[in-house]
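# Chain and residue survey
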Amino acid sequence: MSTIWIIVAFILGFVIVFQIAKASEYVAILRGEDKTRKETNRINAFLLLAFLVVGLFGVWYCNETLKDKILPESASDHGEKIDTMIWITLGITFFVFLITQILLFWFAYKYQEKDDRKPFYYPHNNKLEVIWTVIPAITLTILVGFGLYYWFQITGEAPKDAQIVEVTGSQFKWEFRYPGKDGKLGRKYFKQIDEVKGNPLGQIWSDPDNHDDIVGSQEMHLIVNKPVKLIINAKDVIHDVGLVHFRMKMDAVPGMPTTMWFTPKYTTRQMREKYGEDFNYEISCDQMCGKGHFSMRGTVVVESAAEHKVWLAKQTPQYVTAMGTTAPAAVPAKTDSTANGGTPVKTSN
Ligand SMILES: [Cu+2]
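The paragraphs below set out a description of the structure included in this document. (Residues numbered from 1 in each chain as written. Predicted model: local features only at pLDDT ≥ 70, side-chain atom pairs only at ≥ 80, totals over all residues. Heavy atoms only, no water.)

Bound to the copper ion are the protein donor atoms His239 (ND1), Cys285 (SG), Cys289 (SG) and Met296 (SD), situated 2.1 to 2.5 Å from the metal. Relative to the metal, the 4 donor atoms surrounding the copper ion lie at angles of 94 to 123°, and the coordination shape comes out tetrahedral. Judged by its relative accessible area of 7%, Cys285 is buried. On the basis of relative accessibility, which here comes to 0%, the residue Met296 falls in the buried class. (Donors = N, O, S within 2.8 Å, 3.2 Å for Na, K, Ca; no water. Tetrahedral: all angles 85-135°; square planar, octahedral: opposite > 155°, others 65-115°. Buried < 20%, exposed > 50% of the residue type's maximum accessible area, 1.4 Å probe, protein only.)

With that settled, consider the environment of Val320. Its place among the elements puts Val320 in helix α7 (residues 318-323). Spatially, the C-alpha atoms of Val320 and Gly198 are 9.4 Å apart, while their sequence positions differ by 122 residues. (Helix = DSSP H or I, 4+ residues; strand = E, 2+ residues; numbered from the N terminus.)

A few words on the packing of aromatic side chains. Enumeration according to the criterion identifies 17 aromatic pairs in this entry. Relative to Trp311, the ring of Tyr178 lies with its centre 5.2 Å away and its plane at 70°, an arrangement referred to as edge-to-face. Here the residue Tyr178 occupies a position in strand β2 (residues 173-178), and Trp311 occupies one in helix α6 (residues 305-314), the gap between them amounting to 133 residues. Aromatic rings pair up to connect Phe246, Phe262, Tyr275, Phe279 and Tyr281 into one cluster. It is Lys274 that lies over the ring of Tyr266; its NZ or CZ is 4.2 Å from the centre. (Phe/Tyr/Trp six-rings, centres within 6.5 Å; stacked < 30°, edge-to-face > 60°. Lys NZ or Arg CZ within 6 Å of the ring centre and 35° of its normal.)

Attention now moves to a nonpolar patch on the surface. A cluster of nonpolar side chains, contributed by Ile88, Ile92, Phe95, Val96, Ile99, Ile102, Leu103, Trp106, Phe107 and Tyr111, occupies part of the molecular surface with about 920 Å² of accessible area. Residue position: Leu103 is located in helix α3 (residues 77-110). (Patch = residues over 30% accessible without salt bridge, like charges linked within 9 Å, V, L, I, M, F, W, Y side chains within 5 Å. Areas by Shrake-Rupley, 256 points an atom, 1.4 Å probe, with all protein chains shown as cover. Salt bridge = Lys/Arg side-chain N within 4 Å of Asp/Glu carboxyl O.)

The next point concerns the packing of α3 against helix α4 (residues 126-155). Two elements in contact, α3 and α4, have axes whose closest approach is 11 Å; the angle formed by their N-to-C orientations is 170°. Regarding the angle of α3 to α4, the classification is roughly antiparallel. Residue-level contacts link His78, Lys81, Ile82, Met85, Ile88, Thr89 and Ile92 of α3 to Thr139, Leu143, Phe146, Gly147, Tyr150, Gln153 and Ile154 of α4. Of the residues in the contact of α3 with α4, the class split is 8 nonpolar, 5 polar and 1 charged. (Axes fitted to C-alpha atoms, helices over the stretch in contact; angles between N-to-C directions. Parallel < 35°, antiparallel > 145°, perpendicular 65-115°, else oblique. Contact = heavy atoms within 4.5 Å. Nonpolar A, V, L, I, M, F, W, Y, C, P; charged D, E, K, R; others polar.)

Here it is, written out as structure tokens:
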């Protein structure tokens, strides 16, 4: 029913606009086209100027109203560089925006049709063309250059002492794996994935490196001031690790581990002291990945090394959970990837 009303309203609107256009055409003929055009031009010129003033006020007003709604300061070292880049880009584009908009609307007002003025025909100027092509080209090249430089840092080799966390996205949750005392993540193979048997990530139990690996869900624990390297995977479709407070973001692609590293600067507690008790570092999925995409929101806890140690000590290795035993090393693993006729895939780290 509502569809019919929408169509009726649409047709009515069209008829009204058509009638107004027709009526003003008749008025123009009656009053003399020349005079009407000049009058319309004057009104339009004034309206354009008014639009400039109202528009610029709107830009200022939006900034004033929304400025404390943007993200807090960057909580990672790489994030600071990203922020600097954003501010430089915003600065340059805002300057260009101001100049071009003011000139555009002011000229439309200033050079409106007048009886004592003749238009000046000025079709082409090579020098001008070169200037307004070369300056933006150089500026953009510099901006893109900095972007690439930081990108290679973020995705490049992490420091040797970096904490390692494996992040796996699936519809619709995040899972995290930490190497145990050995500092090494065990190998895994996707055919070993079996939630019921306590193997959500497909760890190969015959690999001893797996026996102390900790697996957790929806909450990632990081150490403050210690570089962390994320090894990112996905189980089903493409997800995207979004860490806005650290200004980090990386696609999670099935079958192709991606990496990035950064150093968290403040603990969750420090951020809560600054931004209120309900502050939480967030890990979101930044890639539309299905119906439950919105629910992939998880938490990142940044803590001191001592706190992290205490937390880690409380965790049970996934191997122990899966085997239902308390002595992981004593139980020789029966499951092997080759039993499934597959080739084990080594996790890059
Ligand atoms: Cu997702």
